[in-house]
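The lines below spell out each chain.
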Amino acid sequence: MDKHAKIKSDLIKLSLRLQQEFGLRKEECMKFSLSYALIDANTLQIKGSWAKGGKYRKIPILKESQRQLIRDIGAVTKGALIEPDKNYKSQMEQYDRETIRVGLNKNHGLRHHYARERYIELTGWKCPADGGPHRRELSPTDYDHDTKVREQISQELGHERLKITYAYLGS
């Protein structure tokens, strides 16, 4: 059985899907407000006050699974993914309890999934962490392309450093 299916709260399930589909952090997911985030059919924006380090960013909407997630969120709420009877702190505590209970408490891997999927989409090959070529093995042209892709993925994840992508994609 899928671990996500064992989560009791629909809003926490949506938060987990946001992490996987858009590479958001758990804090960003809970504060996520569709009425603010959805700029147009192709772009989400993450408010600086939701994000680590206060970094506003935009993330492209490219896949049907992302569009379906947006529809699913819209069917439940236009506001934050926090239960109506909870505040941010109590929702975070429930999130932590639920994810620990089903073995998803080490779910930074959902952001890794997003980064690795984006890498394949943008380069056409697997990242080193998934068995693709290491940067040192790439031709000069592919190395430059790899660098640009890593910079883009870093920005989509809310980072500003190329080096951070080594943790997500390998080197």
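What counts as what
- Residues numbered from 1 in each chain as written.
- Predicted model: local features only at pLDDT ≥ 70, side-chain atom pairs only at ≥ 80, totals over all residues.
- Heavy atoms only, no water.
- Salt bridge = Lys/Arg side-chain N within 4 Å of Asp/Glu carboxyl O.
- Helix = DSSP H or I, 4+ residues; strand = E, 2+ residues; numbered from the N terminus.
- Buried < 20%, exposed > 50% of the residue type's maximum accessible area, 1.4 Å probe, protein only.
- Pairing = 2+ DSSP bridges.
- Axes fitted to C-alpha atoms, helices over the stretch in contact; angles between N-to-C directions.
- Parallel < 35°, antiparallel > 145°, perpendicular 65-115°, else oblique.
- Left-handed = near helix turned anticlockwise from the far one by under 90°.
- Contact = heavy atoms within 4.5 Å.
- Nonpolar A, V, L, I, M, F, W, Y, C, P; charged D, E, K, R; others polar.

S.K.: Explain the pattern of salt bridges residue by residue, including any values.
M.R.: For the coordinates displayed, the defined rule picks out 14 salt bridges. Of the charged contacts, one joins Asp96 and Lys26 as a salt bridge, the two residues approaching to 2.6 Å between their closest N and O atoms. With Asp96 in helix H5 (residues 88-101) and Lys26 in helix H2 (residues 26-31), this residue pair connects regions lying 70 residues apart in the sequence. On the accessibility criterion, Lys26 (24% relative accessible area) is partly exposed. Here the salt bridges do not stand alone but share partners, grouping Glu21, Lys63, Arg118, Glu121 and Glu156 into one network.

S.K.: How would you summarise the sheet that holds strand E1 (residues 38-40) if you had to cite specific residues and measurements?
M.R.: Spatially, the three strands line up as an open sheet ordered E1-E2-E3, and their pairing is antiparallel. The open sheet is flanked by E1 and strand E3 (57-60), the only strands paired with a single partner. On average, each strand axis in the sheet is inclined to that of its neighbour by 30 degrees, with strand direction left out of account.

S.K.: Break down the packing of helix H1 (residues 10-22) against helix H4 (residues 64-76) for me, with residues and values.
M.R.: At their nearest, the axes of H1 and H4 sit 10 Å apart, and the two run at 155 degrees to each other. With respect to H4, the element H1 is oriented roughly antiparallel. By crossing handedness, the relation of H1 to H4 is classed as left-handed. Contact residues: Leu11, Leu14, Arg17, Leu18, Glu21 and Phe22 in H1; Ser65, Gln66, Gln68, Leu69, Ile70, Asp72, Ile73 and Val76 in H4. For the contact of H1 with H4, a count of residues per class yields eight nonpolar, three polar and three charged.

S.K.: Outline the pairing of strand E2 (residues 43-46), listing residues and values.
M.R.: The two faces of E2 match: Thr43 and Gln45 on one face and Leu44 and Ile46 on the other face are all buried. With two bridges connecting them, E1 and E2 associate as antiparallel partners. Residue Asp40 lies in a different strand from E2, and its bridge partner there is Thr43. The hairpin turn running from E1 into E2, its antiparallel successor, is two residues long. Of the pairings in the sheet, the one linking E2 to E3 comprises four bridges and is antiparallel in character. The residue bridging Gln45 from the neighbouring strand is Lys58, located in E3.

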